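Descriptive structure summary
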Amino acid sequence: MSFCVRVNASKQYDVIIRRGLLNECGRELTKLGARGKICLVTDDTVDALYSARAAASFASSGFETVKFVIPHGERSKSAEMLIALLRFLAENDFTGSDTVAALGGGVTGDLSGLAASLYRRGVRLVQMPTTLLAAVDSSVGGKTAIDIPEGKNLVGSFYQPSLVLCDVDAFSTLPETVFSEGCAEMIKYGVIYDAELFSLLSDKAYVPSEEAVARCVSIKRDVVEKDERDLGLRRILNFGHTVGHAIELLSDYTVSHGNAVAAGMAVVTKASVKSGFCPEECYTSLIKLLELYGLPTGTKHSAEELKTGILRDKKRFGDTISFIVPEKIGSCREMKLPTDKIEEFVAKGL
Ligand SMILES: NC(=O)c1ccc[n+]([C@@H]2O[C@H](COP(=O)([O-])OP(=O)(O)OC[C@H]3O[C@@H](n4cnc5c(N)ncnc54)[C@H](O)[C@@H]3O)[C@@H](O)[C@H]2O)c1
């Protein structure tokens, strides 16, 4: 089955979801009128698995491909790696008509997207997600970022890709834990927006299907089209992320993004139940689904520690912090909490 989700943001682009797409990425790119050079950015794990396939497809469509390989893992979302990539583009004489193609998970996509937005004030970007998380979330919507020691994603830009090519066959090589991390983001969509999706996720066989990915991408598209710059509605996508990013930071990024988001969703939902914002059933059904996918349902960090991490997060606006709280499965709202109330709220969720 082939799905195409069209995103009408500041740039219009298609998200194509199909099996075997990595063998056809060159042809899909030529349909945009692209020619010239491609910088294929990937991490060492994905490089060994899928680079050759993508490069062969680009070559057969007449592109010259150079490859920039980063070590896998969050630490590659660094200022040093960003500069190295920008210099690599310059050393290889990339011009405004050339393309950066991000083949990999969210780390590769976020770093490549930021580099593409900065190099010559913007070159064409193609996202080619190979993790479930990148497919359903990070490759769509145009948020790019690197981390700095002071906090995660603190340096970034809004920069929409020109095309997203998602070959769901790539999920077959994902380690189970990495696959589950993508499920955390899908569960997020279910809680905040789509109660039917939440139910469908209780069937594990549904998750890696083209249809499931397209459904999540369509939700993200709906939200991004209404609020591309994260000024209002888009913040609902941060459900679980305020606490999640704090957990990532406190663990020095040894806890993955997906696991941290899962724990963050559990903490905030429990705190929401105790605060009377949503029924108990919302929390119990969330925990059941997180457990089904082997995802964490809590954190070892204290409310005081979490507060320290949360205060470093970019969801801080002056002396308030934005939390997304569920009202029931399929619906949520933003709650702006004064910074001096964070610890009390978070403690209810532990
Ligand atoms: N820009 C956004 O809107 C947005 C949204 C959500 C998350 N993110 C970011 O995304 C990142 C997390 O993304 P991720 O979970 O994809 O992490 P990741 O990119 O680190 O990938 C996880 C691991 O899977 C490996 N891998 C990737 N594809 C594979 C495949 N097909 N087979 C086998 N191994 C494979 C990678 O080498 C890596 O070790 C975080 O940095 C997070 O902040 C960004």
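Please read these numbers as outputs of a predicted model, since none were measured by experiment.

1. Some thoughts on the overall build of the chain
Of the regular secondary structure elements, the chain holds 13 helices and twelve strands. Scaling as 2.2 N^0.38, a compact globule of 350 residues should have a C-alpha radius of gyration of about 20 Å, and the chain matches this with 19 Å. With the C-alpha coordinates of the chain rotated into their principal frame, the extents come out at 60 × 40 × 35 Å. Every one of the 350 residues in the chain was classed for burial, and the buried ones make up 59%. Counting only contacts in the chain whose residues sit at least 6 apart along the sequence, the fraction spanning at least 24 positions is 74%.

2. Regarding the side chain of Q127
Among the structural elements, Q127 can be located in strand β6 (residues 124-129). Within the structure, the side chain of Q127 is placed 3.3 Å from the backbone oxygen of G109, a separation counted as a polar contact. Not counting the four nearest positions on each side in its chain, Q127 is found in contact with A102, G109, S139, P161, L163, V164 and L165.

3. Side note on the sheet that holds strand β1 (residues 3-8)
Strand pairing within a sheet occurs via backbone hydrogen bonds; the two strands may be parallel or antiparallel. In space, the seven strands of this open sheet follow the order β1-β2-β9-β6-β5-β3-β4, with mixed pairing throughout. Lying at the two open borders of the sheet, with one neighbouring strand each, are β1 and β4 (64-70). Within the sheet, the average angular offset between the axes of one strand and its neighbour, ignoring direction, is 15 degrees. Sheet topology note: the β6/strand β9 (residues 163-166) ladder contains two bridges and is parallel. Bridging from a neighbouring strand, Q127 pairs with V164 of β9. Its contacts with the sheet put helix α3 (residues 79-91) on β3 (37-43), β4 and β5 (99-104), and the angle it makes with β4 is roughly 165 degrees. Where helix α8 (residues 210-226) meets the sheet, it contacts β1, β2 (12-17) and β9, and its direction lies at approximately 10 degrees from that of β1.

4. Considering the nonpolar core
The biggest cluster of nonpolar side chains holds 75 residues, and the ones touching the most others in it are L132, I187, V213 and F323. Ranked by residue count, the leading element in this core is helix α10 (residues 257-274), at ten residues. In this structure, this core is formed jointly by two domains, domain 1 (3-173) and domain 2 (181-348), each of which donates at least three residues. Ignoring any residue separated from it by four or fewer positions in sequence, one finds F323 in contact with T242, V243, V268, I310, R333, E334, M335, L337, I342, F345 and V346. Core analysis: the second largest hydrophobic core is formed by 23 residues, I70, F94, A115 and V123 among them.

5. Describing the site of the ligand
Neighbouring the ligand are 28 residues; D43, E74, T130, T131 and K152 lie closest to it. D43 places a polar side-chain atom, nitrogen or oxygen, 2.7 Å from an oxygen atom of the ligand. The set of elements that each furnish at least two residues to the shell around the ligand consists of α2 (44-60), α4 (106-118), α5 (132-138), β8 (151-158) and α6 (176-192). Tallying contributions element by element places α2 first for the shell around the ligand, with four residues. When residues of the shell around the ligand are sorted by domain, at least three fall in each of domain 1 (3-173) and domain 2 (181-348).

6. Observations concerning α3
With 13 residues, α3 ought to run about 18 Å at 1.5 Å a step, and its terminal C-alpha atoms sit 18 Å apart, in line with that. Buried residues of α3: M81, L82, L85, L86, F88 and L89, and no others. In a view along the axis of α3, the buried residues occupy a sector of 155 degrees, so they form one face of it. Away from its buried face, by an angle of more than 90 degrees, α3 presents the exposed residues E80, R87 and E91. Here the buried face of α3 lies against β3, β4, β5, α4 and β7 (143-148). Following α3 by one or two positions, D93 adopts a phi angle in the positive range, close to 55 degrees.

7. Quick notes on the domain arrangement of the chain
By the assigned domains, the chain splits into domain 1 (3-173) and domain 2 (181-348). Taking only C-alpha atoms into account, the centre of domain 1 sits 26 Å from that of domain 2. Between domain 1 and domain 2, the contact holds 34 residues from the first and 34 residues from the second. Together, the buried faces of domain 1 and domain 2 total about 2,900 Å²; carbon and sulfur atoms form 61% of this surface. Area buried by domain 1 at its contact with domain 2 is led by V136, K152 and F158, which between them contribute 22% of it. There are six salt bridges connecting domain 1 and domain 2.

Thresholds applied
Residues numbered from 1 in each chain as written. Predicted model: local features only at pLDDT ≥ 70, side-chain atom pairs only at ≥ 80, totals over all residues. Heavy atoms only, no water. Helix = DSSP H or I, 4+ residues; strand = E, 2+ residues; numbered from the N terminus. Rg over C-alpha atoms; globule rule 2.2 N^0.38 Å. Buried < 20%, exposed > 50% of the residue type's maximum accessible area, 1.4 Å probe, protein only. Contact = heavy atoms within 4.5 Å. Polar contact = N/O pair within 3.5 Å; in protein donor to acceptor, adjacent residues only side chain to side chain. Pairing = 2+ DSSP bridges. Axes fitted to C-alpha atoms, helices over the stretch in contact; angles between N-to-C directions. Core = buried A, V, L, I, M, F, W, Y, C linked by side-chain atoms within 4.5 Å. Domains from an automatic or database assignment. Near = heavy atom within 4 Å. Expected span 1.5 Å × (residues − 1). Arc of directions from axis to C-beta. Buried area = accessible area lost by both parts, 1.4 Å probe. Salt bridge = Lys/Arg side-chain N within 4 Å of Asp/Glu carboxyl O.

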